Amino acid sequence: MANYQDSMADLGSDASLFTRLSQTTARWAGKPQTFFVALAIIVVWALSGPFFGFNDTWQLVINTSTTIVTFLMVFIIQNSQNRDTCAMQIKLDELIVRLEGAREELLDLEELDEEKLEGLRTEFERRAKRARERNAPVPEASS
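Figured I'd write up the structure that's included with this text. (Residues numbered from 1 in each chain as written. Predicted model: local features only at pLDDT ≥ 70, side-chain atom pairs only at ≥ 80, totals over all residues. Heavy atoms only, no water.)

1. A word on the pattern of salt bridges
- Under the criterion given, the structure shown has five salt bridges.
- Across the salt bridge formed by Arg98 and Glu94, the nearest N and O atoms sit 2.9 Å from each other. One end of the pair is Arg98 and the other is Glu94, both in helix H5 (residues 56–98) and four residues apart, which spans about a single turn.
- Linking Glu123 and Arg127 is a salt bridge whose minimum nitrogen-to-oxygen distance equals 3.8 Å. Linking Glu123 with Arg127, this pair stays in helix H6 (residues 114–135), spanning four residues, or about one helical turn.
- A residue is classified by how much of its surface remains accessible, and Glu123, at 24% relative accessible area, is partly exposed.
- A relative accessible area of 37% places Arg127 in the partly exposed class.
- Connected through shared salt-bridge partners, Arg103, Glu105, Glu123 and Arg127 make up one network. (Salt bridge = Lys/Arg side-chain N within 4 Å of Asp/Glu carboxyl O. Helix = DSSP H or I, 4+ residues; strand = E, 2+ residues; numbered from the N terminus. Buried < 20%, exposed > 50% of the residue type's maximum accessible area, 1.4 Å probe, protein only.)

Structural data, given as structure tokens:
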């Protein structure tokens, strides 16, 4: 138990440079201000078209810039999403472990293939339907 406690104490420390960078970038990318800055850049670019004669270089600047930003953001967003999903899965696993009567064999569902997951989903849908039917209000008899 002490080993578990010690490992829990170290959780918040020493994130890698990439993790810190991706967290900061993802946080900023989702802000309204960032959207308006990007929109302003597009507007400035569009308004500069007549000055550059709408030439190929003018078009290449925006195409290349947006392609590079999009390419890099895919990795930042995926990293952030993977971390969030993993953290949520660990939190759910902790709840399952602590909940009396929970089926611990469900702890690693994310490792199952699609067919097995679909089978479990069908089982839970049937259980939910039975629970709703048991709890459905009984219609009153008409007099």
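There is more to say, and it comes next.
2. Description of unusual backbone geometry
- Phi is positive for Phe54, close to 50°, though the residue is something other than glycine.
- Residue placement: Phe54 occurs in the loop between helix H4 (49–52) and H5.

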